[in-house]
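# Secondary and tertiary structure notes
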Amino acid sequence: MRLLGAVSEGSGAVNEDGFGWLGSARDVSAAWVFDGVTGINDRNHLGEGTDARWLVARAHERLSELALRDAPLMALLQELVAGLIDDFARATEGVDIPPGYDPPAACLILVKRYQDQWQALRLGDSCLLARDGHGGQRVHAASPNNAFDHWLTREARKRREAGVLDIKALLAAFAPQLKAGRAKRNRPDGYAILEASRDSLAMPEIIDLGMPAEILLCTDGYYRAVDHYALCDDAGLMTASVADVAKVLSRLRQEEASDPQCLRFPRFKPADDATAVMLGR
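Reference entry: report on the structure contained in this document. (Residues numbered from 1 in each chain as written. Predicted model: local features only at pLDDT ≥ 70, side-chain atom pairs only at ≥ 80, totals over all residues. Heavy atoms only, no water.)

### Brief notes about the overall build of the protein
The helix and strand tally for the protein stands at eight helices and 11 strands. C-alpha atoms of the protein, sized along the principal axes, occupy 50 × 45 × 35 Å. Within the protein, the fraction of its 281 residues that count as buried is 48%. Contacts in the protein between residues far apart in sequence, at least 24 positions, make up 70% of those at least 6 positions apart. (Helix = DSSP H or I, 4+ residues; strand = E, 2+ residues; numbered from the N terminus. Buried < 20%, exposed > 50% of the residue type's maximum accessible area, 1.4 Å probe, protein only. Contact = heavy atoms within 4.5 Å.)

So this is what it looks like as structure tokens:
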């Protein structure tokens, strides 16, 4: 696989997304994207701008070494999580972590080549699209947490129509529901996510991709081109991303900017961090 393009752009002061790849641009052997989960604590405790950004930075650093190994994806995840547990213990030594602290988390998609076959590991709601040489597609975009996200979007729209436009005010208004939703992390009735906890090993998706012609990894902020703004369908997103991921993101930002109060395109936040890595033969 060749690296056809990669882009990552934050929506605010700190970009909580991340991406990486191994090999050369003409022969990629592994690639990944992270989407840090926006914190709901009163303040950050771990540096790096936000606690979610801290986790993404540590996970990227470790994965850059771990993904070099010829080991099963589950084994790589086990070592990644063990390393993050150690990192978190060191980072919080002597730090007064308050009761009820919401620990940092991130969505992750990792794809890796094993001989001539590709496999993927997925935790969270970032998106994986793969297309074979005959145009057949595989899409992994839905998340068990989507029902809650849709409810949150509807309720946030009611607040905006009543004049509450500040994202911090909306986060405060929905803090109890957000805490309840996050209590379902890595539980059978919830959703998988990457944390500095062995709970992250409970239910990751392992996906056999075979020998795809193209693979797109992207965070939900980039996938908004499909599921929020209807700029294209999945096939169109793949085609546009093969041509220029930066152009896709630019068009996405135009749509976000045209609806700053999230009324024409209902969503919780006016804009989101967006990241994509496009691979192809």
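### A look at the nonpolar core
By size, the foremost hydrophobic cluster in this structure holds 29 residues, and its most contacted members are Trp32, Phe34, Leu77, Leu80, Leu108 and Leu194. Contributing elements (two or more residues each) for this core: strand 3 (27-36), helix 1 (51-66), helix 2 (73-91), strand 4 (105-114) and strand 5 (117-123). For Leu108, the residues in contact, after removing those within four places along its chain, are Trp32, Val33, Phe34, Leu63, Leu80, Leu121, Arg122, Leu123 and Leu194. Judged by nonpolar contacts, the second largest core, of 21 residues, contains Tyr223, Ala225, Val245 and Phe265. (Core = buried A, V, L, I, M, F, W, Y, C linked by side-chain atoms within 4.5 Å.)

### Quick notes on the packing of helix 6 (residues 220-227) against helix 7 (residues 234-243)
Packing of helix 6 against helix 7 brings their axes to within 9 Å, and their N-to-C directions diverge by 125 degrees. What the angle tells us is that helix 6 and helix 7 run oblique. The way helix 6 lies across helix 7 gives a crossing that is right-handed. On helix 7, the residues touching Tyr222, Tyr223, Ala225 and Val226 of helix 6 are Asp234, Leu237 and Ser241. (Axes fitted to C-alpha atoms, helices over the stretch in contact; angles between N-to-C directions. Parallel < 35°, antiparallel > 145°, perpendicular 65-115°, else oblique. Left-handed = near helix turned anticlockwise from the far one by under 90°.)

### Some details on the sheet that holds strand 6 (residues 127-131)
Strand pairing in a sheet is mediated by backbone hydrogen bonds. Such pairs are either parallel or antiparallel. As summarised here, the arrangement of the five strands in space is 1-11-10-6-7, forming an open sheet in which the pairing is antiparallel. The sheet is open, and its two edges are formed by strand 1 (2-9) and strand 7 (137-140), each paired on a single side. Sheet twist, expressed as the average angle between the axes of neighbouring strands with direction ignored, equals 5 degrees. Across the sheet, helix 7 touches strand 1, strand 6, strand 7, strand 10 (214-218) and strand 11 (274-280), and the angle it forms with strand 6 is around 85 degrees. On top of the sheet, helix 8 (residues 245-257) reaches strand 1 and strand 11; it is set at about 30 degrees to strand 1, its chief contact. (Pairing = 2+ DSSP bridges.)

### Section: the pattern of salt bridges
On inspection of all chains with the given rule, the structure shows 17 salt bridges. In this structure, Glu205 engages Arg122 in a salt bridge whose closest nitrogen and oxygen atoms are separated by 2.7 Å. Of this pair, Glu205 sits in strand 9 (residues 205-210) while Arg122 sits in strand 5, and the two are 83 residues apart along the sequence. We classify Glu205 as partly exposed; its relative accessible area is 31%. By relative accessible area, which is 3% here, Arg122 ends up buried. Notably, a salt bridge pairs Glu195 with Arg185, separated by 3.3 Å at the nearest N-O pair. Here Glu195 is found in strand 8 (residues 194-195), whereas its partner Arg185 is found in the loop between helix 5 (175-182) and strand 8, with 10 residues between them in sequence. Residues Glu195 and Arg185 agree in their burial class; the two are buried. (Salt bridge = Lys/Arg side-chain N within 4 Å of Asp/Glu carboxyl O.)

### Re the environment of Ser126
Relative to the elements of secondary structure, Ser126 occurs in the loop between strand 5 and strand 6. For Ser126, a relative accessible area of 1% puts it in the buried group. As for Ser126 and Val33, which are separated by 93 residues in sequence, their C-alpha atoms are 8.0 Å apart. When near neighbours in sequence (up to four residues on either side) are disregarded, Ser126 contacts Asp35, Cys107, Ile109, His140, Cys218, Thr219 and Asp220.

### Regarding the side chain of Thr92
Its location among the elements puts Thr92 in the loop between helix 2 and strand 4. You can call Thr92 buried: its relative accessible area is 14%. In this structure the side chain of Thr92 is engaged in a polar contact, spanning 3.5 Å, whose partner is the backbone oxygen of Ala89. Once residues within four sequence positions are removed from consideration, Thr92 is found in contact with Leu46 and Ile97. (Polar contact = N/O pair within 3.5 Å; in protein donor to acceptor, adjacent residues only side chain to side chain.)

### Observations regarding the pairing of strand 2 (residues 17-24)
Bridge count between strand 2 and strand 3: eight bridges; the pairing is antiparallel. Opposite Asp17, over in strand 3, you have Asp35 as the bridge partner. Hairpin geometry of strand 2 and strand 3 is characterised by an intervening segment of two residues between the two adjacent antiparallel strands.

### Remarks on the environment of Ser200
In this structure, Ser200 sits in the loop between strand 8 and strand 9. With a relative accessible area of 0%, Ser200 lands in the buried category. Filtering out sequence-adjacent residues up to four positions away, Ser200 remains in contact with Leu77, Val81, Leu123, Asn186, Ile193, Leu194 and Glu195. Looking at Ser200, its side chain comes within polar contact range of the main-chain nitrogen of Glu195, at 2.8 Å.

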